[in-house]
Number of protein chains: 2
Amino acid sequence: MSELRREPIVGRWVIVHTPKDSLGPKDFPPAEHVQHQAAICQFCSGKEHQTPGEIEAVRLDGSAPNTPGWTVRVIPNKFPALRIEGDLNKRGIGIFDMSNGVGAHEVVVETPDHGKQFADLSVEEMLEVLSKYQSRYVSLAGDQRFKYILIFKNFGESAGATVEHTHSQVIALPMIPKYVREEIEGAKQYHNYRGRCVFCDIIHQEYQEKERIVTENAEFIAFCPYVPRYAFETWLFPKRHNSDFGQLSREDLSHLAKILKELLGRIKTCLANPSYNFFLHLAPVNFETDESYHWHIEIIPKLTEVAGFEWGTGFYIVPTDPGLAARHLKTVNYTA
Amino acid sequence: MSELRREPIVGRWVIVHTPKDSLGPKDFPPAEHVQHQAAICQFCSGKEHQTPGEIEAVRLDGSAPNTPGWTVRVIPNKFPALRIEGDLNKRGIGIFDMSNGVGAHEVVVETPDHGKQFADLSVEEMLEVLSKYQSRYVSLAGDQRFKYILIFKNFGESAGATVEHTHSQVIALPMIPKYVREEIEGAKQYHNYRGRCVFCDIIHQEYQEKERIVTENAEFIAFCPYVPRYAFETWLFPKRHNSDFGQLSREDLSHLAKILKELLGRIKTCLANPSYNFFLHLAPVNFETDESYHWHIEIIPKLTEVAGFEWGTGFYIVPTDPGLAARHLKTVNYTA
């Protein structure tokens, strides 16, 4: 059996299986993460000269740029989807609109150690990665051409990772992408109508119902949303309304590192080390915004193939009830 | 290098690589389609009693329902995403809306032969399959609860097919899915503003530019759209404005079978038998519509994993220019 559910932000309808007919963690095949290409990896320590020159790095030992000694390293993507140089030059081609591919595409190498997964970093190491996310967000926002900074991670081949060495990506876009814009507009409409943040209301309801909460700490809460798009999809929110990721204190980032590490550890243990994607949903930059947005992180384990049905309609079939997913993630035998 | 492109229907922005930086057919790994489970397949001839009772079938020999002798067979999905029984019972759960999972979920088994792929059916066999699509569309539209009939095919494991034996699926939904609604509304707005069909205008522009047209016949045209979401994505349209798939004559369906077979054959040859999805974009049913919609089929070879970036934003990176894709598909050594 299943239910039809509609989320209140962009109006997406979803089919969700009831607990009785839900798949459990054991019903999915585990993904493989081959880690055997260290010999040719350009993200490893000692290969700094093989990548474009670094933009930022964490170097606790005071070592020189583009040499070993770093713990986190931000470099331009060697094969960028967008280029930093040039004007947008928007124009029409018949009935179509187009512009040049201006933007930025950077890689955050999260550790010099080829054999480590992101979930295996220490809280301190993860904090440095999050801190780089923040500084790149703030820095790229300084370029007036950019309207949106997307920060995301693909882990595992079936989640789209093409390089084994653990890394995340930062893309600066000269416009606000469609789904993001819809989410922002949905939040704004809700706020105009009710005078409240839609995400705060969702968090409030999660607290009332309790069953979908996976974990929380002083500043953050993680839950499997009532209307997911994917099995075991998990959302991570600042508990208090917060529209600006760029303004987080180091202490806030430390709380975030703690809960993110725990959450990824639970997902790894519970779902046999699956491939996954996560992305930061942040407020647009250089754009007239109000305070109605509430930034957050969405984590999507890659457990099934997305089929024609989903692609064709935006109408997702979710084979696991989120309450059940949360219970699995919460009760799995995980110790930090 | 790449370009940013925006399609005029729902307003989706896309990054498209220029021809120089595009991947060619040889750059993708071929997908595997293991066809070795005939012994346990419930879709094979002789196993009719193992499936739910058939809804429709093509039986040229006058054989009885649920016995061998069929060439195309429509059955209820054994594990349906939606159930045909019951009321919608729409209601609110806090700030969420929900309703019961009422709908229909059917399977069209396209041939009794386990070893055959859809692309290998004869034009006559494919015509019978399309004819079943049409009769199911018309029949399900007779149920006033349904608002949208989605007809699609997943071929190959990485495109989401979980049963090897070639088949397609029909899902009747009690609401119009998000992307579909956006497409319909976009087409309607364009029509209101300009007095013309947006799809007719796109076809007109494809004719003027020529380079993205893959093939055509008397009634249909296939091209790689200027703003695709995926590499080698191909759209198939009736040349003349046509808003009602249900009204197509058998002769029209025959033209459609011919071009669909050719197109899938070209994709199979050109891209080393890839996994793919196709779906019919049809007008909603039991819904106030005008004639502005123009039904069509979208075919998406599954060549790369969809990554966090696409999922998070609806902002797709397409690694192959559609003009180049069309040239590859057009010039590949294919004979019917």
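Please refer to the structure placed before this passage.
Calculation rules
- Chains are numbered independently. Their residues run from 1 in the order of the written sequence.
- As they are written, the chains are lettered A onward and the ligands numbered 1 onward, keeping that order.
- Two thresholds apply to this predicted model, a pLDDT of at least 70 for residue-level local features and 80 or more for giving and counting side-chain atom pairs, whereas whole-chain, interface and lining totals are computed over all residues.
- Any two strands between which DSSP finds at least two bridges are classified as paired.
- The secondary structure listing takes helices from DSSP runs of H or I that are at least 4 residues long and strands from runs of E that are at least 2 residues long, numbered from the N terminus.
- The axes are straight lines fitted to the C-alpha atoms, using for helices just the contacting stretch, and the angles between their N-to-C directions are given from 0 to 180°.
- Each residue is represented by a C-beta atom placed from its backbone, and any two residues with such atoms within 7 Å are regarded as in contact.

**Student:** I'm lost on the sheet that holds strand β11 (residues 220-223) of chain B in this one. Help?
**Tutor:** Remark on secondary structure: sheet strands pair via backbone hydrogen bonds, oriented parallel or antiparallel. All names here are of chain B. Judged by pairing direction, the sheet is antiparallel, and its 10 strands sit side by side in the order β3-β4-β7-β9-β8-β13-β14-β12-β11-β10 without closing on themselves. Looking at which strands have only one partner, the edges of the open sheet turn out to be β3 (56-58) and β10 (213-216). The average angle at which neighbouring strand axes cross in this sheet is 20 degrees, direction not considered. One ladder, built from 4 bridges, connects strand β4 (residues 72-76) with strand β7 (residues 104-109); its direction is antiparallel. When the sheet's bridge partners are listed, R73 is paired in β7 with V109.

**Student:** What is the right way to read the sheet that holds strand β13 (residues 276-281) of chain A from this model?
**Tutor:** Residue and element names in this part refer to chain A. Taken in spatial order, the 10 strands of this open sheet run β3-β4-β7-β9-β8-β13-β14-β12-β11-β10, and their pairing is antiparallel. Edge positions in the open sheet fall to β3 (56-58) and β10 (213-216), since each of these has one partner strand only. For this sheet, the mean inter-axis angle between neighbouring strands, taken without regard to orientation, is 20 degrees. Here strand β7 (residues 104-109) pairs with strand β9 (residues 167-173) via 6 bridges, running antiparallel. What sits directly across from V109, in β9, is H167.

**Student:** How do you make sense of the pairing of β11 of chain B when you look at a structure like this?
**Tutor:** Every regular strand shows the same layout, with side chains that alternate between the two sheet faces. All names here are of chain B. Where β10 and β11 come together, 3 bridges link them in antiparallel fashion. Bridge pairing links I213 to F223 in β11. Taken together, β10 and the strand that follows it, β11, pair antiparallel across an intervening segment of 3 residues.

**Student:** I tried to follow the environment of K132 of chain A on my own but got confused; where do I start?
**Tutor:** Residue and element names in this part refer to chain A. Along the polypeptide, K132 turns up in helix α1 (residues 123-141). Separated by 161 residues in the primary sequence, K132 and Y293 have C-alpha atoms spaced 22 Å apart. Those residues within four positions of K132 in sequence are excluded, and the remaining contacts are E56, V72, V74 and V108.

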